[in-house]
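# Architecture and fold: a report
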Number of protein chains: 6
Amino acid sequence: MPYVNIKVTQEGGLNGVGPSAEEKAQLIAGVTDLLSRVLHKNPATTFVVIDEVPLENWGMDARQVSTIRAEQS
Amino acid sequence: MPYVNIKVTQEGGLNGVGPSAEEKAQLIAGVTDLLSRVLHKNPATTFVVIDEVPLENWGMDARQVSTIRAEQS
Amino acid sequence: MPYVNIKVTQEGGLNGVGPSAEEKAQLIAGVTDLLSRVLHKNPATTFVVIDEVPLENWGMDARQVSTIRAEQS
Amino acid sequence: MPYVNIKVTQEGGLNGVGPSAEEKAQLIAGVTDLLSRVLHKNPATTFVVIDEVPLENWGMDARQVSTIRAEQS
Amino acid sequence: MPYVNIKVTQEGGLNGVGPSAEEKAQLIAGVTDLLSRVLHKNPATTFVVIDEVPLENWGMDARQVSTIRAEQS
Amino acid sequence: MPYVNIKVTQEGGLNGVGPSAEEKAQLIAGVTDLLSRVLHKNPATTFVVIDEVPLENWGMDARQVSTIRAEQS
């Protein structure tokens, strides 16, 4: 009965949104399969929750990702 | 000083939204009362945070809940 | 398919340990029942995870709970 | 490589929104600096994620913060 | 810069302990690879934290996993 | 009423343990002060929880930190 929480920045999709529904489906299928293969966990009771975090709310290297992205572009 | 985080799928309410304000009030009162009764925790310093997760972002049985719900309907 | 995380300080039990197995069973049964009553969630897919946090690792009012407890005793 | 999650109620900003981009930048810089000073953690691999929680979804003292704020005003 | 938290029950290993170091290495490599393939995330800034939860502290179906396991054996 | 969770690897202290009680006290005081200064949050209802994660359970760059540290030494 694993519980997995995946946090990613809300970017990469069209129009500045986060991952597509199809990409999220791949993450959920992939991590459930991984837990089944490595630890023999039952997929029926494996939960995966994806959080998409606004760039302004994620910090790395003491700065917001929104600032890092603006410098990169 | 307990901290409780309740994660539910964003569904069940009118127009496809999540739990109503009244239902969330009941969850908060109920879990605070539970911690007071079982562990004698002080309600004044019991925090409860409710997260409503989009169906597309919650996986179970290797699939998105949005897919599971579409199959059920 | 709710996921609930309950964090409490590791105290209150015998010999400075946290809640007893029986108390944890009551928390799990109580919160699962609450979600079933208020939001009609299925107990079979309701997960509850209890974290017991050492007093030294929990802060409130800018101080460790271990310090607060020492002042209270 | 610390990971810090800061949860605050979504209030205090203009028009009922949460902290400003500038305030979030200060939180990120401040907590990264704190971990660098106290534990010598590398800022380049220090992550900070800020969650802004709707007042209706945060409970304290067995009530929603939205209710507490209405009583205070 | 994703952050992934994997929570599993502390079981399955020798002598009642949790996953082995080798199994944890496989989970970390696998989920990092998944995020790289699906979302093109940089492995260097992908964090994975594994929490092993005592059976007594994990509830499902309104009961502790320790109770469920005792019934199964 | 902020809630802050700080996760660090369990290292840096004497004999392979994590941060000292004094260092944890500094983290708690520092982050509470930061939230008071930037967002005018009340220290009395600011919670800080520190999690110390075994090196074997923390992954970065697709490897366990225990492996990274062994390569560095």
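For chain A, the helix and strand inventory stands at 2 helices and 4 strands. Of the regular secondary structure in chain A, the N- to C-terminal order runs β-α-β-β-β-α. By the compact-globule yardstick of 11 Å for 73 residues, chain A is too spread out, its C-alpha radius of gyration being 15 Å. Taking the principal axes of its C-alpha atoms as reference, chain A extends roughly 45 × 25 × 15 Å. Looking at chain A as a whole, 53% of its 73 residues are labelled buried. Restricting the contact set of chain A to residue pairs at least 6 apart, pairs at least 24 apart contribute 59%.

Glancing now at the sheet that holds strand E3 (residues 58-60) of chain E. The 8 strands are arranged E4(D)-E3(D)-E2(B)-E1(B)-E1(C)-E2(C)-E3(E)-E4(E) in an open sheet whose pairing can be described as mixed. If you trace the sheet from one side to the other, it starts and ends with strand E4 (63-64) of chain D together with strand E4 (63-64) of chain E, each paired once. As paired elements, strand E1 (residues 3-9) of chain C and strand E2 (residues 47-53) of chain C share 7 bridges and run parallel to each other. Bridged to Thr9 of chain C within E2 of chain C is Val53 of chain C.

In this section: the pattern of salt bridges. All names here are of chain F. Across all of its chains, the model carries 42 salt bridges over all chains by this definition. In this structure, Arg63 and Glu71 form a salt bridge, with 2.4 Å as the shortest nitrogen-oxygen distance. For Arg63, a relative accessible area of 28% gives the class partly exposed.

Least-squares fitting of chain B to chain D yields an RMSD of 0.0 Å, with the superposition described by an axial translation of 0.0 Å and a rotation of 120°. Read as a symmetry element, the transformation amounts to a three-fold axis. Taking C-alpha positions as reference, the residue of chain B nearest the rotation axis is Asp51 of chain B, located at 6.0 Å.

All names here are of chain B. Its identity as a non-glycine residue notwithstanding, Asp61 has a phi of 60°, on the positive side. By the element assignment, Asp61 lies in the loop between strand E3 (58-60) and strand E4 (63-64). Exposure remark for Asp61: the relative accessible area of 32% places this residue in the partly exposed category. The backbone of Ala62 sits at a positive phi, close to 70°, despite the residue not being glycine. Mapping Ala62 onto the fold places it in the loop between E3 and E4.

Right, let's talk about the sheet that holds strand E2 (residues 47-53) of chain E for a bit. In space, the 8 strands of this open sheet follow the order E4(B)-E3(B)-E2(A)-E1(A)-E1(E)-E2(E)-E3(F)-E4(F), with mixed pairing throughout. In this open sheet, the two strands that pair with only one neighbour each are E4 of chain B together with strand E4 (63-64) of chain F. The sheet contact formed by strand E2 (residues 47-53) of chain A and E3 of chain B spans 3 bridges and is antiparallel. Bridged to Val49 of chain A within E3 of chain B is Trp58 of chain B. Most of the contacts of helix H1 (residues 21-39) of chain A go to E2 of chain A, to which it runs at about 140°, and overall it touches strand E1 (3-9) and E2 of chain A, E3 and E4 of chain B together with strand E1 (3-9) of chain E.

Contact geometry of H1 of chain A with helix H1 (residues 21-39) of chain E gives a least axis separation of 10 Å together with a crossing angle of 160°. With respect to H1 of chain E, the element H1 of chain A is oriented roughly antiparallel. Where H1 of chain A crosses over H1 of chain E, the two elements pack in a sense that is right-handed. Contacts between H1 of chain A and H1 of chain E involve Glu23, Gln26, Leu27, Gly30, Val31, Leu34, Leu35, Val38 and Leu39 of chain A on the former and, on the latter, Glu23, Gln26, Leu27, Gly30, Val31, Leu34, Leu35, Val38 and Leu39 of chain E. When the residues that make up the contact of H1 of chain A with H1 of chain E are grouped by side-chain class, the tally is 12 nonpolar, 4 polar and 2 charged.

What follows deals with the interface of chain B and chain D. Contact with chain B, which involves 15 residues of that partner, is made by 11 residues of chain D. In this assembly, chain B packs against chain D so that about 1100 Å² is buried in total across both faces, 55% of it on carbon and sulfur atoms. When the buried surface of chain B facing chain D is broken down by residue, Ile28, Phe47 and Val49 of chain B rank first, second and third, together holding 34% of it. Where chain B packs against chain D, one counts 1 salt bridge. Its salt-bridge partner being Lys24 of chain B, residue Glu56 of chain D comes within 3.0 Å of it at the nearest N-O pair. For the pair chain B and chain D, the interface holds 7 residue pairs in polar contact (both at pLDDT 80 or more). Mapped by element, the contributors of at least two residues to the side of chain B that touches chain D are helix H1 (21-39) and strand E2 (47-53) of chain B. The element best represented in the side of chain B that touches chain D is H1 of chain B, accounting for 6 residues. Partitioning the side of chain B that touches chain D into residue classes produces 11 nonpolar, 2 polar and 2 charged.

The rules we used
- Residues numbered from 1 in each chain as written.
- Chains lettered and ligands numbered in written order.
- Predicted model: local features only at pLDDT ≥ 70, side-chain atom pairs only at ≥ 80, totals over all residues.
- Heavy atoms only, no water.
- Helix = DSSP H or I, 4+ residues; strand = E, 2+ residues; numbered from the N terminus.
- Rg over C-alpha atoms; globule rule 2.2 N^0.38 Å.
- Buried < 20%, exposed > 50% of the residue type's maximum accessible area, 1.4 Å probe, protein only.
- Contact = heavy atoms within 4.5 Å.
- Pairing = 2+ DSSP bridges.
- Salt bridge = Lys/Arg side-chain N within 4 Å of Asp/Glu carboxyl O.
- Least-squares fit on C-alpha atoms with pLDDT ≥ 70 in both.
- Axes fitted to C-alpha atoms, helices over the stretch in contact; angles between N-to-C directions.
- Parallel < 35°, antiparallel > 145°, perpendicular 65-115°, else oblique.
- Left-handed = near helix turned anticlockwise from the far one by under 90°.
- Nonpolar A, V, L, I, M, F, W, Y, C, P; charged D, E, K, R; others polar.
- Buried area = accessible area lost by both parts, 1.4 Å probe.
- Polar contact = N/O pair within 3.5 Å; in protein donor to acceptor, adjacent residues only side chain to side chain.

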